[in-house]
Amino acid sequence: MDVRPNQTIYINNLNEKIKKDELKKSLYAIFSQFGQILDIVALKTLKMRGQAFVIFKEIGSASNALRTMQGFPFYDKPMRIAYSKTDSDIVAKIKGTFKERPKKVKPPKPVQNTEDKKDKKKKSSNAENTNPNTQTEQPPNQILFLTNLPEETNEMMLSMLFNQFPGFKEVRLVPNRHDIAFVEFATELQSNAAKEALQGFKITPSHAMKITFAKK
């Protein structure tokens, strides 16, 4: 029987050895590129091992994620993705209470917005101050330098993010520093494409990744 497209995707064939928290963070890292995620449910009970649900705010995000990530090798196992057969509790609550404007459901949003505004102000003032310098100081380089990474960042997460771009070679973490990393591409053009696409990408809701060319 066909399951109608909805906001929740069901993923199975996940690697059962991965700890629940790490699994949820890794799923967030690779699926948040498709749209806002309301929740990720991963249970470690015997019946639910190797399975997870990712709940998006929009159906379009879920459809895009399902098409793009079907069979994606995640911790060495290809993901099997389908639409969830039933609405998750979160989506059901949204539909029951706010039929037209689900946005109102999340009270913490205004706090984030003010942070975002601050970030934007910082970014724009930084851009004004640093743009001319960065261009002269750091010419294009096939190696990218990542900063502002969250504590739980690992090589697997970053590889998944960057290997969707042509020319990806490897991720290099810095010992005893969780907040920075290097990503190498085959050419400067390829590294620039990844830099522009993932600039400011939020690996977690509170950490927007900053990407510059590594110094030669």
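I will try to describe carefully the structure that is included in this document.

Quick notes on the rules
- Residues numbered from 1 in each chain as written.
- Predicted model: local features only at pLDDT ≥ 70, side-chain atom pairs only at ≥ 80, totals over all residues.
- Heavy atoms only, no water.
- Pairing = 2+ DSSP bridges.
- Helix = DSSP H or I, 4+ residues; strand = E, 2+ residues; numbered from the N terminus.
- Buried < 20%, exposed > 50% of the residue type's maximum accessible area, 1.4 Å probe, protein only.
- Contact = heavy atoms within 4.5 Å.
- Core = buried A, V, L, I, M, F, W, Y, C linked by side-chain atoms within 4.5 Å.
- Axes fitted to C-alpha atoms, helices over the stretch in contact; angles between N-to-C directions.

### Things to note about the pairing of strand E8 (residues 168-174)
So, step 1. In this sheet, strand E9 (residues 177-185) lies alongside E8 in antiparallel orientation, the contact comprising six bridges. When the bridges of E9 are listed, arginine 172 appears paired with phenylalanine 182.
So, step 2. If you look at the hairpin formed by E8 and E9, you'll find two residues sitting between the two strands, and asparagine 176 has a positive phi there, around 65 degrees.

### Topic: the environment of valine 41
So, step 1. Examined against the element boundaries, valine 41 turns out to sit in strand E2 (residues 37-41).
So, step 2. Residue class for valine 41 comes out partly exposed when judged on its relative accessible area of 28%.
So, step 3. As for valine 41 and lysine 20, which are separated by 21 residues in sequence, their C-alpha atoms are 9.4 Å apart.
So, step 4. If sequence neighbours within four positions are ignored, valine 41 has contacts with Ala52, Phe53 and Ile55.

### With respect to the nonpolar core
So, step 1. If you look at the biggest cluster of nonpolar residues, it comprises 26 residues, and the most contacted ones within it are Ile9, Ile11, Phe31, Phe56, Phe74 and Met79.
So, step 2. Secondary structure elements with two or more residues in this core: strand E1 (8-12), helix H1 (20-31), E2, strand E3 (52-56), helix H2 (59-69) and strand E6 (80-83).
So, step 3. Dropping the residues within four chain positions of it, phenylalanine 74 is found in contact with Leu14, Leu23, Ser26, Leu27, Ile30, Met79, Met156 and Met160.
So, step 4. Judged by nonpolar contacts, the second largest core, of 20 residues, contains Leu149, Met157, Ile203 and Ile211.

### Some remarks on the sheet that holds strand E12 (residues 210-213)
So, step 1. Read from one edge to the other, the open sheet built from four strands follows the order E8-E9-E7-E12, with strand pairing classed as antiparallel. A strand with exactly one partner marks an edge of an open sheet, and here the two such strands are E8 and E12. Strand-to-strand, the axes of this sheet are offset by a mean angle of 25 degrees, without reference to chain direction.
So, step 2. Note that strand E7 (residues 143-147) and E9 share four bridges and pair antiparallel. Considered in E9, the bridge of phenylalanine 145 is made with phenylalanine 182.
So, step 3. Packing against the sheet, helix H6 (residues 188-198) makes contact with E7, E9 and E12, and its axis sits at approximately 160 degrees to E12.

### Quick look at the environment of leucine 43
So, step 1. Mapped onto the fold, leucine 43 is located in the loop between E2 and E3.
So, step 2. Relative accessible area serves as the criterion here: at 38%, leucine 43 is assigned to the partly exposed category.
So, step 3. Once residues within four sequence positions are removed from consideration, leucine 43 is found in contact with Met48, Arg49 and Gln51.

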